[in-house]
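If you want the building blocks of each chain, they are given just below.
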Amino acid sequence: MSNTILNSHRFTEKPIAVLFDFDNTLYPYEPANEAGMLAVRTKAIKKTGVRSDEFDGAFAKARSDTKKQLGTTASSHSRLLYFQRTLELLGFRSQIQLSLEFEQTFWASYLAAMELREGVTEFLDQLARANIRKVLVTDLTTQIQFRKLIYLELDLCFEFIVTSEESGEDKPLPSSFNMALNKLNSQEYSSEANAGKGKIWMIGDNLKSDIEGAKHAVNATTLALKSGIADHDNTSIDMIFESFNDLRQFVSNKGWDNIQDA
């Protein structure tokens, strides 16, 4: 079992609920994003005659401009806005049909390339058997995140989902984390889901957005995916894990998935 526990006192009690990041935590982001961009780049070259490097340069600027304009909002991740601005920067003005076509091409190829990390489904099933609630806390717009969940067959695996479109701001700002706890606390079975008791876990890959964000917002016990965390000495991290199979073994060793305990 390849878990590095940095704050053992955080793991003396069974969690009430586990908050999960989505992109690059439950599945690797880069292969899917690269597949989507390759498909759009190929189509752009064919449809507009631009060179590959011209397209890539315009897209990079379009993405940067959009994020600067919109800040920490869900729409700052919009591929439709990125592609609209890319075409404008390439001198084609606002090509509505082509912008929509690029967006649809991107997401179709992205979805087709997504693969869950090993052990994710089994870990979610284990938490369900242990009566530990599961909440997805994710940036980006609701529609595409829902589509990803359906494609990965995870749409029935979480009691609640919070997107930054719903909460109004991206992580690490506190709105999404607070909304997750509010949703849990709205249910009779989760009246103990309060930040002061330290019984909420946060699992993610991004040190700032997921780990520090959840620690500061709701005092979560934080579990960081090793492949996404460079700074292993950060005081906000309570555990570093390599795979979801390792987490499943950890929960099993604690006895938290026993039916009697659930």
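Relevant structure appears above.
Predicted model, so just to flag it, every value in this text is computed and none were measured.

Quick look at the overall build of the protein chain
Thought 1: Along the backbone of the protein chain there are 10 helices and 7 strands.
Thought 2: Per-residue burial over the protein chain gives 48% buried out of 262 residues.
Thought 3: Surface exposure of the protein chain reaches about 12300 Å², of which carbon and sulfur atoms provide 47%.
Thought 4: Put simply, the protein chain has 29 plus and 36 minus side-chain charges, and the middle of one group is 4 Å from the middle of the other.

Digging into the pattern of salt bridges
Thought 1: Summed over all chains, the structure comprises 17 salt bridges.
Thought 2: With a shortest N-O distance of 2.7 Å, aspartate 56 and arginine 41 are connected by a salt bridge. In this pair, aspartate 56 sits in helix α2 (residues 52-70) while arginine 41 sits in helix α1 (residues 29-48), placing the two residues 15 residues apart along the sequence.
Thought 3: Between aspartate 238 and lysine 215 there is a salt bridge, with its nearest N and O atoms 2.5 Å apart. With a gap of 23 residues between them, aspartate 238 in the loop between β6 (221-225) and β7 (239-241) and lysine 215 in helix α9 (residues 207-218) connect regions that are remote in the sequence.
Thought 4: Ionic contacts of the salt-bridge type, sharing partners, join the residues Lys61, Asp65, Arg85 and Glu88 into one network.

Some words on helix α6 (residues 142-151)
Thought 1: Listed in full, the buried residues belonging to α6 are Thr142, Ile144, Gln145, Lys148 and Leu149.
Thought 2: In this structure, the buried residues of α6 make contact with α4 (96-113), β3 (133-138), β4 (160-163) and α7 (164-167).
Thought 3: A positive phi of about 60° marks glutamate 153, the residue just after α6.

As for the pairing of β3
Thought 1: Across the 6 residues that make up β3, a large majority, 6, are buried.
Thought 2: Both faces of β3 are covered, namely the face carrying Arg133, Val135 and Val137 and the face carrying Lys134, Leu136 and Thr138.
Thought 3: Here strand β2 (residues 17-20) runs beside β3; their pairing, made up of 4 bridges, is parallel. The partner of alanine 17 across the bridge, within β3, is arginine 133.
Thought 4: Sheet analysis places β3 next to β4, joined by 4 bridges and oriented parallel. Residue pairing for β4: leucine 136 is matched across the bridge by isoleucine 161.
Thought 5: In this view, the connection linking β3 to its parallel neighbour β4 by way of α6 has right-handed handedness.

A short note on the environment of alanine 17
Thought 1: Examined against the element boundaries, alanine 17 turns out to sit in strand β2.
Thought 2: Linking alanine 17 and lysine 215, residues 198 residues apart in sequence, is a C-alpha distance of 15 Å.
Thought 3: Non-local contacts of alanine 17, meaning those with residues more than four positions away in its chain, are made with Ile132, Arg133, Leu184, Lys199, Ile200 and Trp201.

Thresholds applied
- Within any chain, residue numbers begin from 1 and follow the written order of that chain's sequence.
- The predicted origin of the model limits local features to residues at a pLDDT of at least 70 and limits the giving and counting of side-chain atom pairs to 80 or more, whereas totals for whole chains, interfaces and linings rest on all residues.
- Values shown for side chains rest on all heavy atoms present in the structure; no hydrogens or waters enter the calculation.
- The way it works is that DSSP assigns letters per residue, a run of H or I at least four long becomes a helix, a run of E at least two long becomes a strand, and they are numbered from the N terminus.
- Here the term buried applies to any residue with accessible area under 20% of the maximum for its type, exposed to any over 50%, and partly exposed to those in between, with areas from a 1.4 Å probe on protein chains only.
- For every accessible area listed, the method is Shrake-Rupley and the probe measures 1.4 Å; residues are considered covered only by the protein chains on display.
- Counted as positive: Lys and Arg. Counted as negative: Asp and Glu, with His and the chain ends omitted from the count.
- A charged residue contributes its charge at one atom only: NZ of Lys, CZ of Arg, CG of Asp or CD of Glu.
- Think of a salt bridge as a Lys or Arg side-chain nitrogen and an Asp or Glu carboxyl oxygen that are within 4 Å of each other.
- The contact criterion used throughout is that any non-hydrogen atoms of two residues lie within 4.5 Å.
- Only when DSSP finds a minimum of two bridges between them are two strands counted as paired.
- By convention, a crossover is right-handed whenever its connection, traced from the first strand over the helix to the second and viewed with the strands pointing away, goes clockwise.

Scope: geometric values only; no functional claims are made or implied.
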